[in-house]
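Close look at the chain arrangement
Next come the chains, spelled out residue by residue.
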Amino acid sequence: MEDSTVTRMAILGTIAELHRESLAYDVACLRAIVTQLAPDLLCAEITRDAWEHGDLDAAALEVREALAPVVAGTDVVLLPVAPTPQRFADFTPRAGWRHDLGQSFASSLRWGMRRASRPEAINGPVFGAYCHLVCMLTEWTWPGEYRAAWEAQNQGLAGNILAAVRRDPGRRVLVTAQCQRLHRLVPFLRAQADVNIVDYREL
Amino acid sequence: MDTTPVTVAIVSPYRLGREALAALLASLPGFEIVPPDGGAMPGVYLWDVMTAGAAPSLDFVAGTPVLALAAIEAAPGLLAHVAGIVLRDEPPENLAAALRQVARGDQYFSPDLVLALLRRHGSPAVPALPAQPGLAAVTDRERDVLAALAAGLSNKAIAARLYLSVRTVEGHLANLYAKLGVRSRAEAIVLAVRHGLGPQNT
């Protein structure tokens, strides 16, 4: 018998503005995945304040155009878990060699996303390793305080996810997060005794 | 969460009404339209009530819940006959939530209808309650659910407000009904209002 205190959780990486391109993993595909999975709870990268005020203009594209519409039409409940609105790209310095190098790495990452194209590939081990490498190189270009802020934000995100699922343990939870976070987020969540991480196709 | 589509049979005196509702439900995930007098048993009837005092155009199958789509003027006469009432000015997603809720055996009443009925508290439209122990045995979380229920929210809306799953809200409601000694959502709402948990207090 399944332990009702252990939460079954899948983490689905998203690709921000690339969902609007002619990729297999476009906005419609993301909507279809979430609709078909029909999780009890959906953790999304939007702050609680923005969600409760209906301020989707400031939210990530995937929240605004895919997740919010699915939630409105189904019994899936969205949990806003972002501690702050910033995303990975917001931590790249605005000028100088750090900026230029960061932009090169960002282009490489977008190339990888376009090559992977399908959701199962983008959420698979090969692209995952590539994404992890490019993100590590990108973070290396950041000043120390930027890296610390990014780390703090990811810890806040993970903390909010755990707090949300511990309010309602034993449910099927889907976490959607930009790919650039996964190499930090997944190991932390996998280490929790009351969370069972599964592939999103097995949720 | 159960992903089996909810089968809905639409009962309306007018073809345009039936087809408009069918097109709306086809655009929402998780629903399948079945003929009301066909071979397949629907999970819920959606009864498009055109006027107060209207009778359905066919006999609903006993035991299958009926959700009425009606104007507020027609609602009081329907309460004893249906599992739920959705008012005509509700958004489509509320109709979807109501259908899912009623198909799972619960009741649904539009928030504006709840308010209107509460203003008529004590009228024959509001059922008299048996003696019950009160709210002493209710947990804080259950109290939050009860307050949201008294505001006329659907189970989905309660879940979204409290950041809980719909299944958890349904579990809390089942516990509440048992603790409060009530048999239905309507009785729970009336009891909650009597204990000061009405819409004006949420």
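To keep things clear, this report deals only with the structure shown in the data block. Computed from a predicted structure; not experimentally measured.

**Notes on the overall build of chain A**
- Helix and strand counts for chain A stand at eight helices and five strands.
- Its helices and strands taken in sequence order, chain A reads β-α-β-α-α-β-α-α-α-α-β-α-β from the N to the C terminus.
- The C-alpha radius of gyration computed for chain A amounts to 16 Å, which stays within 12% of the reference 17 Å derived for 203 residues, consistent with globular compactness.
- Reported as C-alpha extents along the three principal axes, the dimensions of chain A are approximately 55 × 35 × 35 Å.
- Counting only residues that meet the buried cut, chain A has 53% of its 203 residues in that class.
- Looking at chain A alone, contacts between residues at least 24 apart form 82% of all its contacts between residues at least 6 apart.
- When the accessible surface of chain A is split by element, carbon and sulfur atoms take 54% of a total near 9200 Å².
- Between the mean site of the 21 positive side-chain charges and the mean site of the 24 negative ones, chain A shows a separation of 4 Å.

**Focus on the overall build of chain B**
- What chain B contains, in helices and strands, is seven helices and six strands.
- The order of helices and strands in chain B, counted from the N terminus, is β-α-β-β-β-β-α-β-α-α-α-α-α.
- Within chain B, the proportion of its 202 residues that are buried is 49%.
- Of the contacts made within chain B by residues no fewer than 6 positions apart, 61% connect residues no fewer than 24 positions apart.
- For chain B, the accessible surface area stands at approximately 9200 Å², while carbon and sulfur atoms represent 55% of it.

**Side note on the environment of B:Gly63**
Residues and elements named next belong to chain B.
- In this structure, Gly63 sits in the loop between β3 (44-48) and β4 (66-70).
- Take Gly63: its relative accessible area is 83%, and that puts it in the exposed class.
- Sequence spacing of Gly63 and Val44 is 19 residues, and the spatial spacing of their C-alpha atoms is 9.7 Å.

**Quick look at unusual backbone geometry**
- For A:Ala16, which is not glycine, the phi dihedral falls at a positive 50°.
- Considering the arrangement of structural elements, one finds A:Ala16 in the loop between β1 (7-14) and α1 (27-37).
- Phi is positive for B:Tyr163, close to 55°, though the residue is something other than glycine.
- According to the relative accessible area criterion, B:Tyr163 is buried, its value standing at 7%.

**Some details on the pairing of β3(B)**
All names here are of chain B.
- With five of five residues buried, β3 lies mostly within the body of the structure.
- By the bridge criterion, four bridges tie strand β1 (residues 6-11) to β3 in an arrangement that is parallel. When the sheet's bridge partners are listed, Ile10 is paired in β3 with Leu46.
- Where β3 meets β4, four bridges bridge the pair, whose relative direction is parallel. Residue pairing in the sheet places Trp47 in a bridge with Ala68 of β4.

**Thoughts on the packing of α1(A) against helix α3 (residues 61-73) of chain A**
Residue and element names in this part refer to chain A.
- Where α1 contacts α3, the axes come no closer than 9 Å and their chain directions differ by 40°. Overall, the two elements α1 and α3 adopt an arrangement that is oblique. Where α1 crosses over α3, the two elements pack in a sense that is right-handed. Contacts between α1 and α3 involve Val27, Leu30, Arg31, Val34 and Thr35 from the former and Leu61, Glu62, Glu65, Ala66, Leu67 and Val70 from the latter.

**As for the packing of helix α4 (residues 140-150) of chain B against helix α5 (residues 155-162) of chain B**
All names here are of chain B.
- Here α4 crosses α5 at 130°, and the two axes come no closer than 10 Å. Comparing the axis directions of α4 and α5 gives the class oblique. Considering the relative orientation of α4 and α5, their crossing is right-handed. When α4 is examined against α5, the residues Asp144, Val145, Ala148 and Leu149 are found in contact with a partner set consisting of Ile158, Arg161 and Leu162.
- Among the residues making up the contact of α4 with α5, the classes are represented as five nonpolar, no polar and two charged.

**What to know about the interface of chain A and chain B**
- In this assembly, 23 residues from chain A lie in contact with 18 residues from chain B.
- For B:Arg100, the salt bridge identified is with A:Asp75, shortest N-O distance 2.8 Å.
- Remark: the boundary between chain A and chain B carries 14 residue pairs in polar contact (both at pLDDT 80 or more).
- Of all elements in the fold, only α1, α2 (48-52), α3 and β3 (77-80) of chain A reach the threshold of two or more residues within the side of chain A that touches chain B.
- Looking at the side of chain A that touches chain B element by element, the count peaks at four residues for β3(A).
- Of the residues assigned to the side of chain A that touches chain B, the class counts are eleven nonpolar, four polar and eight charged.

Parameters at a glance
- Residues numbered from 1 in each chain as written.
- Chains lettered and ligands numbered in written order.
- Predicted model: local features only at pLDDT ≥ 70, side-chain atom pairs only at ≥ 80, totals over all residues.
- Heavy atoms only, no water.
- Helix = DSSP H or I, 4+ residues; strand = E, 2+ residues; numbered from the N terminus.
- Rg over C-alpha atoms; globule rule 2.2 N^0.38 Å.
- Buried < 20%, exposed > 50% of the residue type's maximum accessible area, 1.4 Å probe, protein only.
- Contact = heavy atoms within 4.5 Å.
- Areas by Shrake-Rupley, 256 points an atom, 1.4 Å probe, with all protein chains shown as cover.
- Lys, Arg positive; Asp, Glu negative; His and termini not counted.
- Charge placed at Lys NZ, Arg CZ, Asp CG, Glu CD.
- Pairing = 2+ DSSP bridges.
- Axes fitted to C-alpha atoms, helices over the stretch in contact; angles between N-to-C directions.
- Parallel < 35°, antiparallel > 145°, perpendicular 65-115°, else oblique.
- Left-handed = near helix turned anticlockwise from the far one by under 90°.
- Nonpolar A, V, L, I, M, F, W, Y, C, P; charged D, E, K, R; others polar.
- Salt bridge = Lys/Arg side-chain N within 4 Å of Asp/Glu carboxyl O.
- Polar contact = N/O pair within 3.5 Å; in protein donor to acceptor, adjacent residues only side chain to side chain.

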